[in-house]
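# Examination of the molecular architecture
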Amino acid sequence: MSAPTKGWAYFKYSLRRNWSLYLLVLPVLIYFLIFLYWPMYGVIIAFKDFSPGKGIWGSPWATLNGEVNIFKHFINFFSSVHFTRTLRNTLGISFYSLAVGFPIPLILAILMNELRSAKFKSFVQTVTYLPHFISTVVMCGMLWIFLRSDTGMVNLIIKALGGAGFNFMNENKYFKSVYVWSGVWQNAGWGTIIYMATLSGLDTQMYEAANIDGANKWQQIWYITLPCLMPTAVMLLILDSGSIMSVGFEKVFLLQTDLTFEASDVISTLVYRKGITEANYSFSSAVGLFNSGINCIILLTVNWISKKLGDVSLF
């Protein structure tokens, strides 16, 4: 009798044959169900006028102009003064980070792959990996110390070279660059790990054959190294596109000042401000749900485009 190939019968057959593997994955499954999926029922408060005393199910559905309108909080967000500013800043920082932060680990991995000294290569990897382990709070503290307008190290160097100091931390025009480039410095080395793992499986005989055929170093990189890395790079690009609307709250909040508020107020800080400090839980939930929905749409769209153009996709 042949084994079933689909449906419930196949699941039961697989469960009997591979019960040890299912048992191994069970703790992870339980973790996701309890801490990630079960709390999702709480998004219902985005469609209600939530009151902590009444609870989620006891709170009434949202009303607008005396009538039930479950999209009240979404409408209020779209028509508020916060919508344009937070959306513009969120997308601006995200696309800036993607444009700068995505190719640099790829370029860095290619350059490290060309190093012939194993010791020097190990030294470079260690130096570029270390900033990743600096916590966000410490990183922001370092930025405040290095970039302050009077005694900051960067400004002292600029002044020593005859230039005028810049107030990096208190001007809107510098906020995005400080945020993005400090993130590149912190995470570029760590981002090379998966690329280096991909290159470690590349057959060196391809380089030897190309060298015999007269290909120079740039041609070897263009025709051998890059095609090898492209599937991995596309997969990472798809994953990164799924978090375009999710600018990290902690770093923005720690770098934000009243003087840079216009350039630094993003969706995540709005959710914090409305939900925690103003206790407007329904409004902040609606904003967060909108943010997650847009992320999901972008991820599916980029994944679909990638599958159509290059036959590389997550699913």
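The rules behind each value
Residues numbered from 1 in each chain as written. Predicted model: local features only at pLDDT ≥ 70, side-chain atom pairs only at ≥ 80, totals over all residues. Heavy atoms only, no water. Helix = DSSP H or I, 4+ residues; strand = E, 2+ residues; numbered from the N terminus. Rg over C-alpha atoms; globule rule 2.2 N^0.38 Å. Buried < 20%, exposed > 50% of the residue type's maximum accessible area, 1.4 Å probe, protein only. Contact = heavy atoms within 4.5 Å. Core = buried A, V, L, I, M, F, W, Y, C linked by side-chain atoms within 4.5 Å. Axes fitted to C-alpha atoms, helices over the stretch in contact; angles between N-to-C directions. Parallel < 35°, antiparallel > 145°, perpendicular 65-115°, else oblique. Left-handed = near helix turned anticlockwise from the far one by under 90°. Nonpolar A, V, L, I, M, F, W, Y, C, P; charged D, E, K, R; others polar. Polar contact = N/O pair within 3.5 Å; in protein donor to acceptor, adjacent residues only side chain to side chain. Salt bridge = Lys/Arg side-chain N within 4 Å of Asp/Glu carboxyl O. Phe/Tyr/Trp six-rings, centres within 6.5 Å; stacked < 30°, edge-to-face > 60°. Lys NZ or Arg CZ within 6 Å of the ring centre and 35° of its normal.

Turning next to the overall build of the protein chain. Helix and strand counts for the protein chain come out as 17 helices and two strands. Since a compact globule built from 315 residues should have a radius of gyration of about 20 Å, the 25 Å found for the protein chain marks it as more spread out than a globular shape. Each of the 315 residues in the protein chain was classed as buried or not, and the buried ones make up 33%. Expressed as a percentage of contacts within the protein chain between residues at least 6 apart in sequence, the contacts between residues at least 24 apart total 64%.

What follows deals with the nonpolar core. With 20 residues, the main nonpolar core has Val178, Tyr179 and Leu255 as its most contacted residues. Elements with a contribution of two residues or more to this core: α5 (81-101), α8 (136-147), α10 (172-191) and α14 (249-255). At seven residues, α10 tops the list of elements feeding residues into this core. Beyond its immediate stretch of four places on either side in the chain, Val178 contacts Leu143, Leu147, Phe168 and Met169. If you look at the next biggest cluster of nonpolar residues, it comprises 19 residues, including Phe102, Val124, Tyr207 and Ala215.

Here the focus is the packing of helix α6 (residues 103-113) against helix α11 (residues 193-200). Where α6 contacts α11, the two axes come as close as 9 Å, and the packing angle between them is 40°. Between α6 and α11, the interaxial angle falls into the category oblique. Between α6 and α11 the crossing geometry is right-handed. When α6 is examined against α11, the residues Pro105, Leu106, Ala109, Met112 and Asn113 are found in contact with a partner set consisting of Tyr195, Met196 and Leu199. Among the residues forming the contact of α6 with α11, the class breakdown is seven nonpolar, one polar and no charged.

Counting through the fold element by element, Tyr96 comes out in helix α5. Since its relative accessible area comes to 24%, Tyr96 is described here as partly exposed. Distance from Tyr96 to Gly248, taken between C-alpha atoms, is 14 Å for residues 152 residues apart in sequence. Discounting chain neighbours no more than four positions away, the residues touching Tyr96 are Gly101, Lys176, Ser177, Val180 and Trp181.

The phi dihedral of Asn65 is positive, around 60°, even though this residue is not glycine. Within the secondary structure layout, Asn65 lies in the loop between β1 (63-64) and β2 (67-68). With phi around 55°, Ala279 is a residue other than glycine that occupies positive phi space. Of note, Ala279 is situated in the loop between α16 (267-277) and α17 (281-310).

A few words on the environment of Ser243. With respect to the helices and strands, the residue Ser243 is situated in the loop between α13 (217-241) and α14. Here the alpha-carbon distance between Ser243 and Ser94, two residues 149 residues apart in the chain, equals 8.3 Å. At 3.0 Å, the side chain of Ser243 forms a polar contact with the backbone oxygen of Asp240.

Before going further, it helps to examine the environment of Ile158. Secondary-structure assignment places Ile158 in helix α9 (residues 153-160). Sequence separation of Ile158 and Asn69 is 89 residues, and the distance between their C-alpha atoms is 57 Å. With residues up to four places along the chain from it excluded, the contact list for Ile158 reads Gly163, Ala164, Phe166 and Phe168.

Another point: the pattern of salt bridges. Under the definition given, this model contains eight salt bridges. Among the ionic pairs, Lys217 bridges to Glu114, the shortest N-O distance being 3.3 Å. Residue Lys217 is located in helix α13, and its partner Glu114 is located in the loop between α6 and α7 (118-129); the two are separated by 103 residues in the primary sequence. Among the residues examined, Lys217 registers a relative accessible area of 40% and is labelled partly exposed. A salt bridge links Lys173 to Glu171, with the shortest nitrogen-to-oxygen separation between them at 3.9 Å. Relative accessible area serves as the criterion here: at 29%, Glu171 is assigned to the partly exposed category. Each of the salt bridges in this network shares a partner with another, and the network as a whole consists of Arg85, Asp265 and Arg273.

Here the focus is the packing of aromatic side chains. Where two aromatic rings form a pair, the distance of their centres and the angle of their planes describe that pair. Evaluation of the coordinates by the stated rule reveals 24 aromatic pairs. Measuring from centroid to centroid gives 5.2 Å for Phe77 and Phe83, while their planes differ by 85°, and the two rings are edge-to-face. The exposure classification of Phe77 matches that of Phe83, with both residues buried. Grouping aromatic residues by their ring pairs yields a cluster made of Phe77, Phe78, Phe83, Phe283 and Phe290. In this arrangement the basic side chain of Lys48 is found over the ring face of Trp61, its NZ or CZ atom lying 4.7 Å from the centre. Here the guanidinium or amino end of Lys251 rests over the ring plane of Tyr179, the centre of that ring lying 4.8 Å away.

Now for the side chain of Asp265. Among the structural elements, Asp265 can be located in the loop between α15 (261-264) and α16. Here Asp265 is in contact with Arg85, Thr86, Asn89, Gln256, Leu270 and Arg273, once residues within four sequence places are set aside.

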